[in-house]
Every structure is written in C-alpha cells, then in structure tokens.
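So you can see what is in the structure, the chains are spelled out below.
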Amino acid sequence: MADPRFFNRQGPITLGELARISSAELAPGCDAEQLVHDVAPLDTAGADELSFLDNPKYADAFRSSNAGACVVAAKLAGDAPAGMAVLLSDRPYRAYALIARAFYPGASADTASRHPSAIIDTTASIGEGCAIGAGAIIAAGVVLGDRVRVGAGAVIETAVTVGVESEIGAATTLSHCDIGARCMLHPGVRIGQRGFGFDMSPEGHLDVPQLGRVIIGDDVEIGANSCIDRGAGPDTIIGEGCKIDNLVQIGHNVQMGKGCVVVAQAGIAGSAQLGDFVVLAGQAGIAGHVRVAAGTQIAARSGAMRDTDPGDKLAGNPAIPAREYFRQMATLAKLTKDKNSS
Amino acid sequence: MADPRFFNRQGPITLGELARISSAELAPGCDAEQLVHDVAPLDTAGADELSFLDNPKYADAFRSSNAGACVVAAKLAGDAPAGMAVLLSDRPYRAYALIARAFYPGASADTASRHPSAIIDTTASIGEGCAIGAGAIIAAGVVLGDRVRVGAGAVIETAVTVGVESEIGAATTLSHCDIGARCMLHPGVRIGQRGFGFDMSPEGHLDVPQLGRVIIGDDVEIGANSCIDRGAGPDTIIGEGCKIDNLVQIGHNVQMGKGCVVVAQAGIAGSAQLGDFVVLAGQAGIAGHVRVAAGTQIAARSGAMRDTDPGDKLAGNPAIPAREYFRQMATLAKLTKDKNSS
Amino acid sequence: MADPRFFNRQGPITLGELARISSAELAPGCDAEQLVHDVAPLDTAGADELSFLDNPKYADAFRSSNAGACVVAAKLAGDAPAGMAVLLSDRPYRAYALIARAFYPGASADTASRHPSAIIDTTASIGEGCAIGAGAIIAAGVVLGDRVRVGAGAVIETAVTVGVESEIGAATTLSHCDIGARCMLHPGVRIGQRGFGFDMSPEGHLDVPQLGRVIIGDDVEIGANSCIDRGAGPDTIIGEGCKIDNLVQIGHNVQMGKGCVVVAQAGIAGSAQLGDFVVLAGQAGIAGHVRVAAGTQIAARSGAMRDTDPGDKLAGNPAIPAREYFRQMATLAKLTKDKNSS
C-alpha cells in the first residue's frame, strides 16, 4: 500500500467499474461487484488488491500471487491461481496505469487556493481553480489557465502563459515561453533562459541576442532540473506529448515533434530537429543542426552526429546502426583475443 | 520580429549608425539615412529589417531574400538582390551581434529597484542602481557592485561579492565565492558548495573540510543549473571571459584560463587545469588533475585523461587526436565488414 | 589560511591534542604543548601551521616545507626538515581530515534559529536546536529531528521526515521521502518527484502513478542539483554512508547498498540494484534493472549494461573488464597504424 502520508487513496472500486475504466474485460465467472481496495505488485498483493502481469518473465510470480484480482493478457489467463479474479486486456500495463490512476488521482486544483506568501503581480491573469504555492512569484502579464498548479517557490517571469491544468513544480523558473495544457514540469526545471550563442573571438566572445521563445505543446512532461533554452531568433519548440526526464539539456532552436521520449541526462544541441516519436536513451546526445527522422531510436550513451532515416536504431559515437555497433564490438574483442594469444 | 511580450525593441536606427555600431562599411550607392526597424533571418526578413549572411551554405537564401539590408562579406556582396542595402564586414556574424544588441539592449539596472519581498541583511552593501527581484535573499556582509541585477528567489550567502553590472539569475545560490564584473549567471546555478572530498574507508567515508573559495573573473557566463564547487584548500578559479553552458560540472580546485568555452553537460573533475581558450564540447569530460594546454579542443562525448599539448584536437575515450580517432573508427568498420563477408 | 569571511577557525590547538584527535602518534622529541594555529598545504604552510604528506610524489615538497608540523607515515618521517614537528599515522589523509575538522568545525545548529520569513506549517514538528533559513518553506506534517539545518529557500513538502543533524541545502526540494541522520544535501537537490514511468503508445504516453517513496539512510551526502526520483511502487533506497556528487540522476526503484560513491554527472537507471561500496566514476551510467555487485568499480564515461560480479573493475560501452577495454583500445590503435602504413 502506498504510504498514506504521501498518497491519498480513493476507493474501494468494484471490479466491474475497474474493467470499464481500463477497457478490460471481466473474465467469465468473476463477480463484477467484487470490491478492490488498492493496487500492488504481484508478490505483495493481498486478497483485496489488484495487480498486473505484463512481462512473461513474471509468470511464476503470477501463478503464486495472492492478489484478489489481476489484469492479464487472455493467453496467460489460464495460469491464474484459484480464487483470483481476472481482467483480460491486450495491454495490461496500460490497463493497470488507468486503474492505478483511479485509486490515486493525485492532487487536483479544483478548489482555488493562494498561499498568502505568494507574490502575484496585479496584472497577472489567474484562471479559475488555480492553486498557487507558498513563496511562488508570478510576474506582470503572466496568464495561467484554469486549474493550473504552481509549486512553492516557483518563479514565472513576465508575460509567460501556462495552459489549463498544467503543473509547475516547486522552485522551477519560467521565462520567454508559452506552456501548453496538462503539462507537468518537475522541480528545478529551467525554461526560457538565453541560448548559448556567441561570436567567438580571441578578443572576447560576444553574446548574440537570443530573440526567440520556448513553445511547449500540450501534455508534455519535463523532469527535474532539466533545461530548455529559448531560440536565437526562431523558437525552441517541444511537440505535444513529449516526455522528458531529469537533467536533460535542450539547446536553442531545437524543434521536437510529437511524442518524443528523452531519457535522463540526454542532450540535444542547438538547431537539431526531431521528428515524431524519436527516442533518446539515457546520457545520449544529438549534435547541433542534425535532423533526426521520425521514430529514430538512439541508444544510451550514444551520439547522433548525422541526419537519420525514419525508424533508425543507432548506437555508438558517432552513432551507427546498433546492430553494426555491437558487431564491431565483437570484432574488436575477437581481434584483441587473437592478438594476445598468438 | 521578436515577441514584444518578452523583448523590448529600440529603434529605428539608420543604416549609417548601424555601420558605425558594427564597424561595417556601407556599400557604395546605399543611403546612410535609410531606416532599419529590426533584425530578422534571411528567409523571413522584410523591407525594413536587416539580416546577415555568414555561412556560404545560405547563399541561396541571401540571393532570394527580401531583407531591406544585410551584413555580408565583400566577396559575396555582388550576389545581393536588387534593392537590398549592403553592409560590408569581414566578420558578418559579429557585426550582426552588435546590431542586434543595439535593437535589443536587454534589461539594464540603471534605476535602482528592490522588490519589497526581498530579504536584504542590514550589513549587506548594495551598489547604486541595483535591481533586486522578488523573494531574493541577500545575507550578511554581501557586497554587490553598481547596477547588479539579482533575480527572483536567488540566494546570496554570507560575504559573497558580485562585481558591477553582473546578473545573478533567478533561483541561483552563491556561497564562498567572489564574482567578477559583467558576469551572467543563469537560473539555478550553484556556486561555492563544498567539493567532493573524502577519506574513503570501509568504516565510512570521512568528509575532508573544503576550505577554499570560487573566484570568477569578469565577463563570465554560466548556464542554467551548472555547478562549481569551492576549492579544498586552493581556490577554484574561472578565468575572465569563460563561457559555460547549462548543466556543466566543475569540481574543486579546477583552474580555468581566459576565454574557455564549455558546452552543455560537460564536466571537469577536481584539480584539472585549463589554459586559455580551451574548448570542451557537449557531454565531454576532463579527468582529475589533468593539465589541458591552451587552445585544446575536446570533441563532444570525449574524455581527456592525460595532459594535452597546445592546440590539440582530441576525440574518443580516452581522448586521442581526433583525426586518429576517426581513422580508428573507419578501420574497425572495415575489419568488421571483411570479417562478416569472408 | 582559509578566507575568514567564509570560514570560522577555532584554535590554537596543541600538538598533543591534535595527535589525540587524529589517532596519530607524536614523534619522539616533539613538544606536545606546541601550539598549532591552522592547517595549510605543504608548499604554503608556515611555522604555526600543520600540513600532511599522503602521496609520495609530494615528498620533495615535504622535504622543503616550512610547516611547523606535519602528519606523515612513519617510513617517510625521516625526511622531515629540521624543526618540523611530526605526527605519525598510517592514514595521514584521514588524520589530516580529522585535524582540519577540529580547526573548522563548520556551522552547527546548537542554538535554535528561525528566520522570520520562513513559512512553517503549524502541524510541522521542528526538533530542538534547528536552524531554519530565510524563505524556507516547511509544509504540513513535516518532522525535523534535532539540530537540523534548513537552507534559505528550501522547500520541504508534506509529511517528509529529516533525521537529526542533517543539513538541507538552499533551494532544495524534498517530497515523498524520509531522510536519515547527519545527511548533507547540497543546494538544488531534487528528491521525491515522480519517476519516469509511462505506458508508451502512439496515441499518447500515459503516466503510470508512482506510488513509492525515497528512503535515504544516515550519513548520506548528495551533491548540488542531483535528482532522486521516488519509486513506482517499491521505494527508491539510498544506503547509509553513500556519497553522491553533483548533477547525478538516480531513477525510480533504484536500491543502493552502503557506502557507494557516485561521482558527478553519473546516472543510475530505474530498478538498478547496487551492492555495498560500489564506485561509479564521473559521467558513467548503469542501465535499468542491472544488478551491480558489491565493490564493483565502473570507470568514468562507461556504461554497465549487464549484472556484475563482486569487485569487478569495468570500462567501456558496454562496460567490460577495464584491463580488457584498454587492451582493445591498444589493438585498434595498432591495427589502424598497420593498415595506414601498409
């Protein structure tokens, strides 16, 4: 059970309702009125809790689980232990996510609140039902949509806009940007500071004014302490539904399509362009001005230095097709062994 | 045009004045009294805007541009479309930067302001014309030079000094340090926390007191969420004119010369010494105690583990001459191909 | 001498007392009543200061040092210059650390203080002798042990607990976590934000609720701007005595044993498990779900993608035994040379 100090659980919820929420099907013989009180992992779930089986390597844990109910693919449902109610889904992880969200809907800003210590400029426009935390600072001309949440100590600079139901984490700073609806920005995010643009010279590097903005689409998540610089002239653009992890760097003028996934500590250099659903694994990098085609996947700790083709799977530095990279590593290991044994 | 919500444009400015500002030469036949209202990229600039051509690969965009004026090298000026006024410069990008700075001089703290919510210790010394943001915290004995700007929520700890006209970003924390003049520290910068020094032991790692400071020269820029630890006994020193990007780590006792450029997510381990004008590309690293000679350039995602010679261009892990690194990558690709085709 | 603006020195202290503090032995003929006023490096120490010799490569500096006293191993003590008092220790660096801590004990929160601008919920429990900085925000149900220090602008969210004598740096944010005793969290640390868990889908990536916590053991240090996400269901666990540097990423469900050392900009992906005393050098990475055995050492800029054995020393991407990695690099260099010279 999630720690009640930190999480506010709803429920109980009937199996029938959970099936409806998760677009799953209640297996024959199961009672739609059975009450479920919580979600839990297979190995710790009890009779009033629901679990899920997504990865076949946990099939043993499924067979021996004491969970009162479980979401599972139809082909594996036959292994359910006696007494376990089964919800059938061809996407058990998604079904679990929807059910877990029903039990733990999280904070919602349905009733307006403003901590008296928040500093809100009189020219800022605050939507209905917003929750503004202690010590938050909201400057002139800021526009917050309805039900926006602003964390403690967050700083929202002049004229920034934030779409409905977005959450701005504690200690985050926003400037020169427009944020979409239903975004989640974690603590310490930095958006809109000037990009790293200079005329380099032995007599001193000269700052080039950075005159663009950052435009963040709807449903974007940005991890703790990640940084997105504003454009030099064009804007920096993050497409809707992108999910960005912690400590990620996104340089000026970068344009990202929809649904991209950028894992922790990855970096995207200035003016790179990413198509839809690009995946950048942890600590990977994309060089400046590179065009990364839709669906490209770049392995952890790899660096893409050239344009890619749709669906490419790349690894290494400079990144090459991942299969080729691992073949090269094997070749090098063999040559080294041959050399040392001859 | 830059978004007027975020940027305050000056002007219009005559061509003659722009030539003077940028040390460019007005081409024969152009009217020094022509008014320019803004800067813009070649492909979007209109008749009252000025653009620039720096990279020959944009020569086509230049030839078809509708910009009313353009800064360009003399040898390319002949390709200017009819009706475009031309400013001749052998450094068009620098000239553009100077002109853009004239149109967008940025915020300046020429009139003093202190947000009433700022907490300023009575023993702090605040220069003339400083601007102190909402919620900023300035501790005992701090000394701010004239026209310093302190962002919202910034924390400046005991006895720190900041030189004239420096800008301390929102939510930045400074301790145990002296900051030069005209520096720009972006949001979330961390300066002066204790270095990572321990006597390692199975019975417990023991903190070794870190008794040095951080000394930052004039005209240094430090990117968002970058960290510079104070020295263990000696100081950590950043030379004048260094430009440091976002999410960079600089360990205790590091000494950097003048004009170094450190791109995002690069790291410099403790006690490394960098000469003047070293360039460290994105996600690169320098190992502890290494001496990096003046003018060394280290490629993205590469790691310098040994002392370097002046002007070295290095790549790989451990870093070797870049030319050699790319030759090795080609050799490995060929050997792998041969092996798999035999 | 450490800058008195930033460091508050105690003393003088007699040689006899320093020997006692550091478990060292006063060499024959030395005066236990001799007063020492400070610590300093060998090359700058004067007659009333104490230094140390740990690394034999500094033996020359030792022989020519003007330090009034020095901690040194017995076998090197014979090289001490005339007039230098000698403390004998088989662990000179540890002895020095203990002595330096006696001269510079650092801030201690033995007298309670609460800056009037701090915002402390009435239901928070604040131990005796705590020091709460300006602008700090402490939410409902928070429990701080005795003599905890909270830096300026730190945000401690609902129901978080912090053990005795821990220090929470300025501008740090804590949620969904329990922090042990005597921990040191540097500025900008982010703990407890939701992990990076989604059901990925072309129709939109769906957030999976992250229902675990972060549990930090005693005596843990966490560097500036480092991030530790809370668990997805299980907790994220950092064992006692772990030392974590700046800009480190630790994903959800990670479990770390005791005394691990994680150097700057390293990253540990979700659900990885680390045994005791694992060392992860700078910019290194550990892939998700990997089990890293006790005592494993991973070189800088290397990535562990598979389970390791106790005491493994690894390098490369994917990481292999370090000796093998460097052999491979040598092989590749030789093959490239042969190829280009043939």
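These numbers were taken from a predicted model, which means no experiment stands behind them. (Residues numbered from 1 in each chain as written. Chains lettered and ligands numbered in written order. Predicted model: local features only at pLDDT ≥ 70, side-chain atom pairs only at ≥ 80, totals over all residues. Heavy atoms only, no water.)

1. A few points about the relation of the copies chain A and chain C
We count it as follows: The fit set for superposing copies consists of C-alpha atoms from residues with pLDDT of at least 70 in both; the fit itself is least squares. When checking whether two residues touch, look at their non-hydrogen atoms; a contact exists if any pair is within 4.5 Å.
Overlaying chain A on chain C yields an RMSD of 0.0 Å, the required transformation being a rotation through 120° with an accompanying axial translation of 0.0 Å. Put plainly, the chains are arranged around a three-fold axis. Both copies present different contact surfaces, since only 18% of the interface residues of chain A are interface residues in chain C too.

2. A word on the interface of chain A and chain C
A common way to state how big an interface is: give the accessible area lost once the parts meet. So the rule is basically this: Two parts lose some accessible area (1.4 Å probe) when they are put together, and adding that loss for both gives the buried area. Any Lys or Arg side-chain nitrogen located within 4 Å of an Asp or Glu carboxyl oxygen qualifies as a salt bridge. The definition of a polar contact used here is a pair of N or O atoms within 3.5 Å, where within protein one atom must be able to donate a hydrogen and the other to accept one, and adjacent residues in sequence count solely through side-chain atom pairs. Only runs of H or I of at least four residues qualify as helices and only runs of E of at least two qualify as strands under DSSP, and these elements are numbered from the N terminus.
Between chain A and chain C, the residue contacts involve 55 residues of the former and 60 residues of the latter. A combined buried area of about 4500 Å² lies between chain A and chain C, and 63% of that area is made up of carbon and sulfur atoms. Of all residues in chain A, the largest losses of buried area upon contact with chain C belong to Phe6(A), Arg94(A) and Arg301(A), amounting jointly to 14% of the total for that side. Summed over the shared surface of chain A and chain C, the number is eight salt bridges. Close ionic contact of Lys243(A) with Asp207(C) constitutes a salt bridge, the shortest N to O distance being 3.9 Å. The tally of links from chain A across to chain C stands at 25 residue pairs in polar contact (both at pLDDT 80 or more). At the level of secondary structure, the elements contributing two or more residues to the side of chain A that touches chain C comprise α3 (92-103), β28 (243-244), β31 (261-262) and α4 (322-341) of chain A.

3. Some remarks on the sheet that holds strand β18 (residues 173-174) of chain C
Residues and elements named next belong to chain C. The condition is simple: The criterion for strand pairing is that DSSP finds at least two bridges linking the strands in question.
Spatially, β9-β12-β15-β18-β21-β26-β29-β32-β35-β38 is the arrangement adopted by the 10 strands of the open sheet, whose pairing is parallel. The two strands at the open ends of the sheet, each matched to only one other strand, are β9 (119-120) and β38 (303-304). Across two bridges, the pairing between strand β12 (residues 137-138) and strand β15 (residues 155-156) is parallel. Following the sheet pairing, isoleucine 138 is matched in β15 by isoleucine 156.

4. Some points on helix α4 (residues 322-341) of chain B
So the rule is basically this: Expected helix span is computed as 1.5 Å times (number of residues minus one). Each residue gets one of three labels from its accessible area relative to the maximum for its type: buried under 20%, exposed over 50%, partly exposed in between, using a 1.4 Å probe on protein chains only.
Across its 20 residues, α4(B) extends 29 Å between first and last C-alpha, which sits within 8% of the 28 Å expected from 1.5 Å per residue. Listed in full, the buried residues belonging to α4(B) are Ala322(B), Tyr325(B), Gln328(B), Thr331(B), Leu332(B) and Thr336(B). The inward-facing, buried residues of α4(B) abut α4 of chain A, β39 (313-315) and β40 (320-321) of chain B together with α4 (322-341) of chain C.

5. What about the packing of aromatic side chains?
Residue and element names in this part refer to chain A. Which entries qualify depends on this criterion: Any two of the Phe, Tyr and Trp rings considered here, Trp counted by its six-membered ring, make a pair once their centres fall within 6.5 Å; the pair's planes then place it as stacked at under 30 degrees, edge-to-face at over 60, or tilted in between.
A complete count under the given rule lists 15 aromatic pairs over all chains for this structure. Plain terms: the ring middles of phenylalanine 7 and tyrosine 104 are 6.4 Å apart, the flat faces sit at 85° to each other, and that makes the pair edge-to-face. With phenylalanine 7 in the segment before β1 (13-14) and tyrosine 104 in the loop between α3 and β8 (113-114), this residue pair connects regions lying 97 residues apart in the sequence. Of the two residues, phenylalanine 7 and tyrosine 104, neither departs from the other in class, the shared state being buried.

6. Comments concerning the domain arrangement of chain A
Going by this rule: Domain start and stop points were drawn from an automatic or database domain assignment.
Segmenting chain A into domains produces domain 1 (13-103) and domain 2 (175-342). Distance between the C-alpha centres of domain 1 of chain A and domain 2 of chain A: 38 Å.

7. Looking at the packing of α4(A) against α4(C)
Helix-helix packing is characterised by the crossing angle of the two axes and by the distance between the axes. For clarity, the cut-off: Orientation is described by axes fitted as lines to C-alpha atoms, over the contacting stretch for helices, and by angles from 0 to 180 degrees between their N-to-C directions. Roughly parallel means an angle under 35 degrees; roughly antiparallel, over 145; roughly perpendicular, 65 to 115; everything else is oblique. Each residue gets one of three labels, nonpolar for Ala, Val, Leu, Ile, Met, Phe, Trp, Tyr, Cys and Pro, charged for Asp, Glu, Lys and Arg, and polar for the others, Gly among them.
Taken N-terminus to C-terminus, the directions of α4(A) and α4(C) make an angle of 85°; their axes are 9 Å apart at the nearest point. Taken together, the axis directions place α4(A) and α4(C) in an arrangement best described as roughly perpendicular. Residues Leu332(A), Ala333(A), Leu335(A), Thr336(A), Lys339(A) and Asn340(A) of α4(A) touch α4(C), and the partners they reach there are Glu324(C), Arg327(C), Gln328(C), Met329(C), Thr331(C), Leu332(C), Lys334(C) and Leu335(C). When its residues are assigned to classes, the contact of α4(A) with α4(C) shows six nonpolar, four polar and four charged.

8. Looking at the relation of the copies chain C and chain B
Expressed as a screw operation, the relation of chain C to chain B combines 0.0 Å of axial shift with a rotation of 120°, fitting to an RMSD of 0.1 Å. When the interface residues of chain C are mapped onto chain B, a mere 18% of them again lie at the interface, so each copy presents a different face.

9. Description of the pattern of salt bridges
By the definition in use, this model includes 60 salt bridges over all chains. The closest approach of N and O atoms between Arg5(A) and Asp178(C), which form a salt bridge, is 2.7 Å. Highlighted residues: Arg5(A) in the segment before β1 and Asp178(C) in strand β19 (residues 177-179), drawn from two different chains. With relative accessibility at 32%, the residue Arg5(A) sits in the partly exposed group. Judged by its relative accessible area of 15%, Asp178(C) falls in the buried class. For Arg182(A), the salt bridge identified is with Asp219(A), shortest N-O distance 2.9 Å. Linking Arg182(A) in the loop between β19 (177-179) and β20 (184-185) with Asp219(A) in the loop between β24 (214-216) and β25 (221-222), this pair joins segments that are 37 residues apart in sequence. With a relative accessible area of 40%, Arg182(A) lands in the partly exposed category. Taken together, the shared-partner salt bridges connect Asp3(A), Arg5(A), Asp178(C), Arg213(C) and Asp235(C) into one network.

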